[in-house]
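Architecture and fold: a report
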Amino acid sequence: MMSEQEALKSSSARNRGGVQRVEGKLRASVERGDYYEAHQMYRTLFFRYMSQSKHAEARELMYNGALLFFSYNQQNSAADLSMLVLEVLEKSEAKVEEDILENLVKMFSLMDPNSPERVVFVSRALKWSTGGSGKLGHPRLHQLLAVILWKEQNYSESRYHFLHSSDGEGCAQMLVEYSAARGFRAEVDMFVAQAVLQFLCLKNKSSALVVFTTYTQKHPSIEKGPPFVQPLLNFLWFLLLAVEGGKLAVFTVLCEQYQPSLKRDPMYNEYLDRIGQLFFGVPPKQSSSYGGLLGNLLNSLMGSGEDEEGEEAHEDSSPIELD
């Protein structure tokens, strides 16, 4: 008699063989240029597999189909099958695994960067990666996305994902390139200042330190320090030390002494208000939260109404949490 394990292996092999035969027919159809018919057949098979709870087969078939359509520059069909891959993940409540994340980012990388489908795809992928919770996505997925966007020289979007990945070193290397490609020489300190302050606002002081150290060491226009020629870099260096020490008096004196540098960007003092609350016990301002455009930016970065206790909590997981 065949054991249960052997029976499962035999069944899996038969299913795999069936998927391969189906894929062969679909590939032939695409190669003939029958894109519409092939796309409809993929969708029909998707719903058949899903109704039979064959989630792994459905996901594999849709993923390979998406790559096939991408290779023939059939963006709409490819994007549609990519969305079906996500649908399988959502409905089967699949766990986050490295190979799945890499597959998602592969499809993302092949999508037209200007297509609305890409925006929807990445939003759904990030939501799935945290189990549909309020968090803004799994750090590893953010990291993979950041690297793809960096390669596309979409530095602004890359920077956002690096902030939520906790990859301070990768973020710093991207910022060095961003500064060299798009910034003025007089702004080399500002590229890293915003990243350091935002990492601190996300209660991620380890990544703040790594991005600062790596950036100042690798940027060709920054002389070796500390101390640095640029006052703003000295401020950041002292600030990181102060965060470790947690002494409010030191933080207060720092912010007062470096006001000329901090006035270069109106957001700096907004970030420092938040950092004061998180690391130095400064009470929030009496006015209603943060106002206007600056408030919207802070809230989108940090989330509103989050638990402010335990600033170390995010350092080994997602650095941001939303309700």
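The preceding data block contains the structure.
Described in the following lines is the structure provided in the data block. Predicted model only: the values in this text are computed from it and were never measured.

Things to note about unusual backbone geometry
- Residue Gly 225 is joined to Pro 226 through a cis peptide bond whose omega torsion reads 0°.
- The topology assignment puts Pro 226 in the loop between helix 11 (205-218) and helix 12 (231-245).
- In this structure, Pro 227 follows Pro 226 across a cis peptide bond, with omega equal to -5°.
- A positive phi angle, near 60°, is found at Asn 73, a position not held by glycine.
- With respect to the helices, strands and loops of the structure, Asn 73 is situated in the loop between helix 3 (55-71) and helix 4 (75-91).
- A relative accessible area of 58% places Asn 73 in the exposed class.
- Backbone geometry at Ser 166 places phi at a positive 70°, although glycine is not the residue there.
- Along the polypeptide, Ser 166 turns up in the loop between helix 8 (155-163) and helix 9 (168-182).

Notes on the packing of aromatic side chains
- In this structure the tally under the stated criterion is 10 aromatic pairs.
- Their ring planes at 65° and their centres at 5.8 Å tell us that Tyr 42 and Phe 69 sit as a pair that is edge-to-face. Of this pair, Tyr 42 sits in helix 2 (residues 35-51) while Phe 69 sits in helix 3, placing them 27 residues apart in sequence.
- Overall, the relative accessible area of 0% leaves Phe 69 in the buried class.
- For the pair Phe 251 and Phe 280, a centre-to-centre distance of 4.4 Å together with 15° between the ring planes defines the contact as stacked. Highlighted residues: Phe 251 in helix 13 (residues 248-257) and Phe 280 in helix 15 (residues 267-280), separated in sequence by 29 residues. Each of the two residues, Phe 251 as well as Phe 280, counts as buried.
- Three or more aromatic residues joined by ring pairs form one cluster here, namely Tyr 155, Tyr 178 and Phe 191.

So, the pattern of salt bridges
- Summed over all chains, the structure comprises eight salt bridges.
- Linking Asp 80 and Arg 43 is a salt bridge whose minimum nitrogen-to-oxygen distance equals 2.7 Å. Within this pair, whereas Asp 80 is found in helix 4, its partner Arg 43 is found in helix 2, the two being separated by 37 residues in sequence.
- Since its relative accessible area comes to 23%, Arg 43 is described here as partly exposed.

Some words on the side chain of Ser 165
- By secondary structure assignment, the location of Ser 165 is in the loop between helix 8 and helix 9.
- Polar contacts involving the side chain of Ser 165 include one to the main-chain carbonyl oxygen of Phe 162, which spans 2.8 Å.
- Among the polar contacts made by the side chain of Ser 165, one reaches the main-chain amide nitrogen of Asp 167 at a distance of 3.0 Å.

Description of the environment of Asn 204
- Secondary-structure assignment places Asn 204 in the loop between helix 10 (188-201) and helix 11.
- By relative accessible area, which is 0% here, Asn 204 ends up buried.
- For the pair Asn 204 and Ser 166, spaced 38 residues apart in sequence, the C-alpha to C-alpha distance is 7.5 Å.
- Within polar-contact distance, the side chain of Asn 204 engages the side chain of Ser 206 at 3.2 Å.

Considering the nonpolar core
- Membership of the largest hydrophobic core comes to 50 residues, with the highest contact counts inside it found for Val 196, Leu 200, Tyr 215, Phe 235, Leu 236, Leu 272 and Ile 275.
- For this core, the elements supplying multiple residues, two or more each, are helix 7 (139-151), helix 8, helix 9, helix 10, helix 11, helix 12, helix 13 and helix 15.
- Ranked by residues supplied to this core, first place goes to helix 10 with 11 residues.
- Look past the residues within four positions of Leu 272 in its chain and what remains in contact with it is Leu 197, Phe 235, Leu 239, Phe 251, Cys 255 and Leu 262.

Concerning the packing of helix 11 against helix 12
- It is at 11 Å that the axes of helix 11 and helix 12 come closest, and there the two elements cross at 150°. One finds that helix 11 runs roughly antiparallel with respect to helix 12. For the crossing formed where helix 11 meets helix 12, the hand is left-handed. Between helix 11 and helix 12, the contacting residues are Lys 205, Ala 208, Leu 209, Phe 212 and Thr 216 on the first element and Leu 233, Leu 236, Trp 237, Leu 240, Val 243 and Glu 244 on the second.

Remarks on helix 3
- Under the 1.5 Å per step criterion, the end-to-end length of helix 3 is 24 Å for 17 residues, consistent within 8% with the ideal 24 Å.
- Inspection of helix 3 places Glu 57, Ala 58, Leu 61, Met 62, Tyr 63, Gly 65, Ala 66, Leu 68, Phe 69 and Phe 70 among the buried residues, and these make up the whole buried set.
- Where helix 3 ends, the next residue or the one after it, Asn 73, has phi of about 60°, a positive value.

Notes on helix 2
- The first and last C-alpha atoms of helix 2 sit 25 Å apart over 17 residues, in line with the 24 Å expected at 1.5 Å per residue.
- Considered for burial, the residues of helix 2 that qualify are Ala 38, His 39, Tyr 42, Leu 45, Phe 46, Tyr 49 and Met 50. Projected onto a plane normal to the axis of helix 2, the buried residues spread over an arc of 130° and lie on a single side. What points out from helix 2, more than 90 degrees from its buried face, is the exposed set Tyr 36, Glu 37 and Ser 51.
- Among the residues trailing helix 2, Ser 53 stands out with phi positive, at a value near 60°.

Cut-offs and rules
- Residues numbered from 1 in each chain as written.
- Predicted model: local features only at pLDDT ≥ 70, side-chain atom pairs only at ≥ 80, totals over all residues.
- Heavy atoms only, no water.
- Helix = DSSP H or I, 4+ residues; strand = E, 2+ residues; numbered from the N terminus.
- Buried < 20%, exposed > 50% of the residue type's maximum accessible area, 1.4 Å probe, protein only.
- Phe/Tyr/Trp six-rings, centres within 6.5 Å; stacked < 30°, edge-to-face > 60°.
- Salt bridge = Lys/Arg side-chain N within 4 Å of Asp/Glu carboxyl O.
- Polar contact = N/O pair within 3.5 Å; in protein donor to acceptor, adjacent residues only side chain to side chain.
- Core = buried A, V, L, I, M, F, W, Y, C linked by side-chain atoms within 4.5 Å.
- Contact = heavy atoms within 4.5 Å.
- Axes fitted to C-alpha atoms, helices over the stretch in contact; angles between N-to-C directions.
- Parallel < 35°, antiparallel > 145°, perpendicular 65-115°, else oblique.
- Left-handed = near helix turned anticlockwise from the far one by under 90°.
- Expected span 1.5 Å × (residues − 1).
- Arc of directions from axis to C-beta.

Note that all results are geometric; they support no functional claim without further evidence.
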